[in-house]
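Geometric and topological summary
Residue-level listing of the chains:
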Amino acid sequence: MQKFQFKLNGLLKVREFKEKKIKIELGEVLKEITSVEEMIAKLHRDIDETYKAQEDLMKDPAAGKMIQFFPYFIQGKQEDIKLKENMLYALRKKYERKVQELAEARGEVKVLENFKDKKKTEWRKEYDKKIQEDMEEFVMLRQNMKKDNY
């Protein structure tokens, strides 16, 4: 009897590939989220440093143009933070969609794997039954040969 072959093995491989692809995309989204969060943290640090620099500048006499610079700089950084937070929100939504896709892909793979296991179990039972029948037939032939020889 031939060894077990799962007829839907090609489909199973395609679905496993799709699952791996989604995992990679999910990793990339997480990487982007981390990067944007780091940018936001850096912008907040820049604002803090700007306030400190402004306080240091105010201790000594300074030109009006120099003092005028700080509010515009801080406003620009705050607007940049808002943009990054919007980007972060969009990335998190994308992450949630990818997690959902991954769950669906895993489900599809799991269904096929369970089906494959079921078919393999059926094949194994059939194979064992065939071997048992062959052994019984061999024993019967051997007994008949012994009877014939006496």
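Residues numbered from 1 in each chain as written. Predicted model: local features only at pLDDT ≥ 70, side-chain atom pairs only at ≥ 80, totals over all residues. Heavy atoms only, no water.

Quick notes on the overall build of the protein
Across its full length, the protein carries two helices and zero strands. What you see for the protein is a C-alpha radius of gyration of 35 Å, clearly larger than the 15 Å of a compact globule of 150 residues, by over 25%. Looking at the 150 residues of the protein, the share that counts as buried comes to 18%. Entry remark: accessible area of the protein is about 12300 Å², with carbon and sulfur atoms responsible for 54%. Side-chain charges of the protein comprise 35 positive and 30 negative groups, with the mean position of each set lying 5 Å from the other. (Helix = DSSP H or I, 4+ residues; strand = E, 2+ residues; numbered from the N terminus. Rg over C-alpha atoms; globule rule 2.2 N^0.38 Å. Buried < 20%, exposed > 50% of the residue type's maximum accessible area, 1.4 Å probe, protein only. Areas by Shrake-Rupley, 256 points an atom, 1.4 Å probe, with all protein chains shown as cover. Lys, Arg positive; Asp, Glu negative; His and termini not counted. Charge placed at Lys NZ, Arg CZ, Asp CG, Glu CD.)

Focus: the layout of surface pockets
Reported here for the largest pocket is a volume of approximately 200 Å³. Taken together, the residues that form the lining of the largest pocket break down as five nonpolar, one polar and three charged. (1 Å grid on protein atoms, 1.4 Å probe; cavity = no way out; pocket = protein on both sides within 12 Å on 5 of 7 lines; lining within 4 Å. Points joined across faces, edges and corners; volume = space filled by probe spheres on them. Nonpolar A, V, L, I, M, F, W, Y, C, P; charged D, E, K, R; others polar.)

Here we look at helix 1 (residues 9-59)
For helix 1, built from 51 residues, the straight-helix expectation of 75 Å at 1.5 Å per residue is met to within 8% by its first-to-last C-alpha distance of 75 Å. All buried positions along helix 1 are accounted for by Leu 12, Glu 19, Ile 22, Leu 26, Val 29, Ile 33, Val 36, Ile 40, Leu 43, Asp 46, Ile 47 and Thr 50. (Expected span 1.5 Å × (residues − 1).)

Regarding the packing of aromatic side chains
Throughout the structure, instances matching the rule amount to three aromatic pairs. Ring centres of Phe 4 and Trp 123 lie 5.9 Å apart, and the angle between their planes is 55 degrees; on these two criteria the pair is classed as tilted. Linking Phe 4 in the segment before helix 1 with Trp 123 in helix 2 (residues 64-149), this pair joins segments that are 119 residues apart in sequence. Accessibility expressed as a relative area gives 17% for Trp 123, which makes it buried. Chaining the aromatic ring pairs together yields one cluster made of Phe 4, Trp 123 and Tyr 127. (Phe/Tyr/Trp six-rings, centres within 6.5 Å; stacked < 30°, edge-to-face > 60°.)

Some thoughts on the nonpolar core
Judged by nonpolar contacts, Val 29, Ile 33, Val 36, Ile 40, Leu 43, Ile 47, Ile 74, Ile 81, Leu 88 and Leu 91 together constitute the single largest core of 10 residues. Per-element tally for this core: the top contributor is helix 1, with six residues. Those residues within four positions of Ile 40 in sequence are excluded, and the remaining contacts are Ile 81, Lys 84, Glu 85 and Leu 88. (Core = buried A, V, L, I, M, F, W, Y, C linked by side-chain atoms within 4.5 Å. Contact = heavy atoms within 4.5 Å.)

Details of the pattern of salt bridges
In the structure shown here, the tally under the stated rule is 10 salt bridges. Note that Lys 98 and Glu 101 form a salt bridge whose closest N and O atoms lie 3.8 Å from each other. Of the two residues, Lys 98 and Glu 101 both sit in helix 2, three residues apart, roughly one turn of that helix. In this structure, the salt-bridge partner of Asp 128 is Arg 124, at a minimum N-O distance of 3.8 Å. Taken together, the residues Asp 128 and Arg 124, both in helix 2 and four residues apart, mark about one turn of the helix. Relative accessible area serves as the criterion here: at 39%, Asp 128 is assigned to the partly exposed category. (Salt bridge = Lys/Arg side-chain N within 4 Å of Asp/Glu carboxyl O.)

Considerations on the environment of Gln 54
Relative to the helices and strands, Gln 54 resides in helix 1. Accessibility expressed as a relative area gives 22% for Gln 54, which makes it partly exposed. Once the C-alpha coordinates of Gln 54 and Gln 68 are considered, the two residues, 14 residues apart in sequence, prove to be 10 Å apart. When sequence neighbours within four positions are dropped, the list of residues in contact with Gln 54 reads Phe 70 and Ile 74.

These values are about where atoms sit, not about what they do.
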